[in-house]
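# Topology and contacts: notes
So the chains spell out like this:
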Amino acid sequence: MVTHVPAEATGDERGALLSFVEAQRGAIRRSLIGLTEEQAASRPSASELSLSGLLKHVAETELNWLRMAQQQPNGAARTEETWADSFRLVGDETVGQMLEFWDGVAAEVEKFIRSVPGLDDTFPLPEALWFPKEGRVSMRWLLLHLVEEHARHAGHADIIRESLDGRTAFELVAEAARYADQS
């Protein structure tokens, strides 16, 4: 891990898990520092992935998991026909708009997780080939899954960014810290 995740207050499992989710969000956000919209949308490796596409995908995926946990419909849910659009900006979408959208999702996730009675509370998984029939998962599982999902894509983002301009995650952490110090 490129950054240190601060220790939680003793016994604050929610806080610890939310901190690890946020650390992985930060890795993806930092991969976009200083890029133009065109650079963020480019695909410099053998993969079809772009940094702006990864950003959109993780933001939408996090919202989808939140809505499942809340047991509410997701108005932004993808269909088979629109799935590819979850990996690229379309129309007048921008990196800035996606970052703002994701910030809103992140705030909603934290508020929701802090409001549930316990991390052992569960919610049903939807019917899908990759989920067990009548499967349920806990809020703890949800947070661990978000860490897993975001970390996987943060690794993709590291490779894409380094392929674009040679900048590594360590350099981007330092740049983000310098920017934060100036604010």
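It should be noted that the structure appears before, not after, this text.
Criteria and cut-off values
Residues numbered from 1 in each chain as written. Predicted model: local features only at pLDDT ≥ 70, side-chain atom pairs only at ≥ 80, totals over all residues. Heavy atoms only, no water. Core = buried A, V, L, I, M, F, W, Y, C linked by side-chain atoms within 4.5 Å. Buried < 20%, exposed > 50% of the residue type's maximum accessible area, 1.4 Å probe, protein only. Helix = DSSP H or I, 4+ residues; strand = E, 2+ residues; numbered from the N terminus. Contact = heavy atoms within 4.5 Å. Expected span 1.5 Å × (residues − 1). Salt bridge = Lys/Arg side-chain N within 4 Å of Asp/Glu carboxyl O.

This part takes up the nonpolar core. Membership of the largest hydrophobic core comes to 40 residues, with the highest contact counts inside it found for Trp 65, Ile 113, Phe 123 and Met 139. Elements supplying a minimum of two residues to this core: helix H1 (13–30), helix H3 (51–70), helix H4 (95–115) and helix H5 (139–165). Looking at which element gives the most residues to this core, the answer is H3, with ten residues. If we skip the residues at most four places from it in the chain, Phe 123 touches Trp 65, Met 68, Ala 69, Gln 71, Gly 135, Arg 136, Val 137, Ser 138, Met 139 and Leu 142.

With that settled, the discussion passes to the side chain of His 57. Of note, His 57 is situated in helix H3. For His 57, a relative accessible area of 5% gives the class buried. Setting aside its immediate chain neighbours within four residues, His 57 contacts Trp 83, Ser 86, Phe 87, Glu 149 and His 153.

With that out of the way, let us pick up H1. Taking 1.5 Å per residue, 18 residues should reach 26 Å; H1 reaches 26 Å between its end C-alpha atoms and fits that length. Burial analysis of H1 places 13 of its 18 residues in the buried class, which makes it a mostly covered element.

So, on to unusual backbone geometry. Of note in this structure, Gln 71 is not a glycine but carries a positive phi near 60°. Within the secondary structure, Gln 71 is located in the loop between H3 and H4. Of note in the backbone geometry, Glu 134 takes a positive phi value of approximately 55° without being a glycine. Using a relative accessible area of 81% as the deciding quantity, one classes Glu 134 as exposed.

On to the pattern of salt bridges, then. Counted according to the given criterion, the structure contains 14 salt bridges. A salt bridge links Glu 60 to Arg 78, with the nearest nitrogen and oxygen atoms 2.8 Å apart. Of this pair, Glu 60 sits in helix H3 while Arg 78 sits in the loop between H3 and H4, and the two are 18 residues apart along the sequence. Among the residues examined, Arg 78 registers a relative accessible area of 28% and is labelled partly exposed. Two residues, Glu 175 and Arg 167, come together in a salt bridge whose shortest N-O distance is 2.2 Å. Taking relative accessible area as the criterion, Glu 175 reaches 23% and is therefore assigned partly exposed. Each of Glu 22, Arg 25, Arg 29, Glu 62 and Asp 103 takes part in a single network of salt bridges with overlapping partners.

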